[in-house]
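Here is how the chains run, residue by residue.
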Amino acid sequence: MDWLQQLINGISVGSIYALIALGYTMVYGIIKLINFAHGDVFMLGAFIGFFAITRWEMGFIPALITAMIACAIIGVIIERVAYKRLRNATRIAALTTAIGVSFLIEYTMIFFRGATPEAYPKEVLPDKTIEILGAKLDSKVIFILIVTIILMILLQFIVHKTKIGKAMRAVSHDADAARLMGINVDNTISATFAIGSALAGAAGVIFGSYYTRIDPLMGVLPGLKAFIAAVLGGIGSIPGAMVGGFILGIVETIVSSIGFSLWRDAAAFVILILILILKPAGLFGKNIREKV
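Residues numbered from 1 in each chain as written. Predicted model: local features only at pLDDT ≥ 70, side-chain atom pairs only at ≥ 80, totals over all residues. Heavy atoms only, no water.

*Asks:* Give me the lowdown on the confidence of the model for the protein chain, citing residues and values where you can.
*Replies:* In this model, the protein chain carries a mean pLDDT of 90, and residues with pLDDT of at least 70 account for 96%. Contacts for the low-pLDDT stretch residues 287–292, under 50 throughout, to residues beyond four places or in other chains number 21 contacts. (pLDDT = per-residue confidence, 0-100. Contact = heavy atoms within 4.5 Å.)

*Asks:* Could you give an account of the pattern of salt bridges, naming the residues involved and the relevant values?
*Replies:* For the coordinates displayed, the defined rule picks out ten salt bridges. Here K84 ties to D186 by a salt bridge, and the two come within 4.0 Å at their closest N and O atoms. Highlighted residues: K84 in the loop between α3 (60–83) and α4 (91–113) and D186 in helix α8 (residues 185–211), separated in sequence by 102 residues. For K84, a relative accessible area of 32% translates into the label partly exposed. (Salt bridge = Lys/Arg side-chain N within 4 Å of Asp/Glu carboxyl O. Helix = DSSP H or I, 4+ residues; strand = E, 2+ residues; numbered from the N terminus. Buried < 20%, exposed > 50% of the residue type's maximum accessible area, 1.4 Å probe, protein only.)

*Asks:* Would you mind going over helix α10 (residues 238–257) in detail, with residue names and values included?
*Replies:* Compared with an ideal rise of 1.5 Å per residue, which puts 20 residues at 28 Å, α10 spans 29 Å between its outermost C-alpha atoms and is within 8% of the ideal. Buried within α10 are the following residues: I238, G240, A241, M242, G244, G245, L248, G249, E252, T253 and V255. Of the surrounding secondary structure, the elements contacted by the buried residues of α10 are α1 (2–31), α5 (139–161), α9 (220–233) and α11 (264–278). Among the residues trailing α10, G259 stands out with phi positive, at a value near 100°. (Expected span 1.5 Å × (residues − 1).)

*Asks:* Give me the lowdown on the nonpolar core, citing residues and values where you can.
*Replies:* By size, the foremost hydrophobic cluster in this structure holds 83 residues, and its most contacted members are L22, Y83 and L155. If one sorts the elements of this core by residue count, α8 sits on top with 13 residues. When residues no more than four places from it in sequence are discounted, the contact partners of Y83 are L33, N35, A37, I78, T97, A98, V101 and F193. (Core = buried A, V, L, I, M, F, W, Y, C linked by side-chain atoms within 4.5 Å.)

*Asks:* Explain unusual backbone geometry to me, and be specific about the residues and the numbers.
*Replies:* Here E57, not a glycine, exhibits a phi torsion of approximately 55°, which is positive. Looking at the element boundaries, E57 is found in the loop between α2 (38–54) and α3. Here the phi dihedral of T212 falls at roughly 65°; this positive angle occurs in a residue that is not glycine. If you trace the backbone, T212 turns up in the loop between α8 and β4 (213–214).

Shown next as C-alpha cells:
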C-alpha cells in the first residue's frame, strides 16, 4: 500500500517540523515574540548531536539528550542576553533583534568551523525494511516517529501536570496577574525558552540522523517551515503546532510523490498564503482558551 508508506513518511517529516514549531508557539504564547533564531538553535542541536556521536562515541539516545540539554542552556542564554530587555519594546524592535541573533549564530558557526557540510554516520539508526499492511517502511522512519511522539507526550505532561507548566499557562493568560499571584515571570519565560530550545535540539539530531547532511545554514528553511506550521495550527497553540507540523509534512510528501518534488518547498509557502487569506488565526487560533 503505497499510500500508507507515503502517509507515514509524511507524518515522520512533519513530526520534525512540529518539534521546531512548538518552540515558536510556546515563546509567542508567553511573550508574543516570533523567535526567528529558533531555526538556528535547531542547527546547533544537529551539530552537537553530530559531535556527540562521532567524537564522543555516544549512541543516538545519549546524543539526543546531550543536544537537548545543551540547546536548553543556549535558549536561556539567548533569552537573557538578547530578549529580556526588549519585553516592553516595540514588536519591530524585538523582531529585528531575533533576526540579528539568527545571523549571529549562523555566521559565528561559520567563522569557527567553516561552511563545509558534515554527514551523520549512516549506522546511527537501525536501517531495516519493515512491512506493515503490505507497505514497506524504513525502520528509521518508524523510530523517528516513536521518538517524536514520546517527546510530544512529555511536553504535554510538563505543560498540564507540573508546577512550571501551570506557571507557563498562567503567564500566557496574564503576566501581571501571574506576578501578583507569586509566580516568577522571568524564570517562567526562561523555562519556556529552555523547553522550546530543547525540542528544537532534539529535532536537529533527528533531522541529521535521517537526512545525514548538516551545515551551518541548515536551520533557515526548516525554521521557516516550522513557523508556517505554527501559523497553520494557530500560533500560540501547542496542539495547533503539532497538527500544523504533521499537515505540512504530509502535504510535502504528497507533492513529491506525485512528481512535483521541485515544488515541495513552495507548497509550504502556498499553505501559508492560503491560511492567512482564509483563516488568519489558524486552525486552532482563538477557538480555545488555553494557548500554552
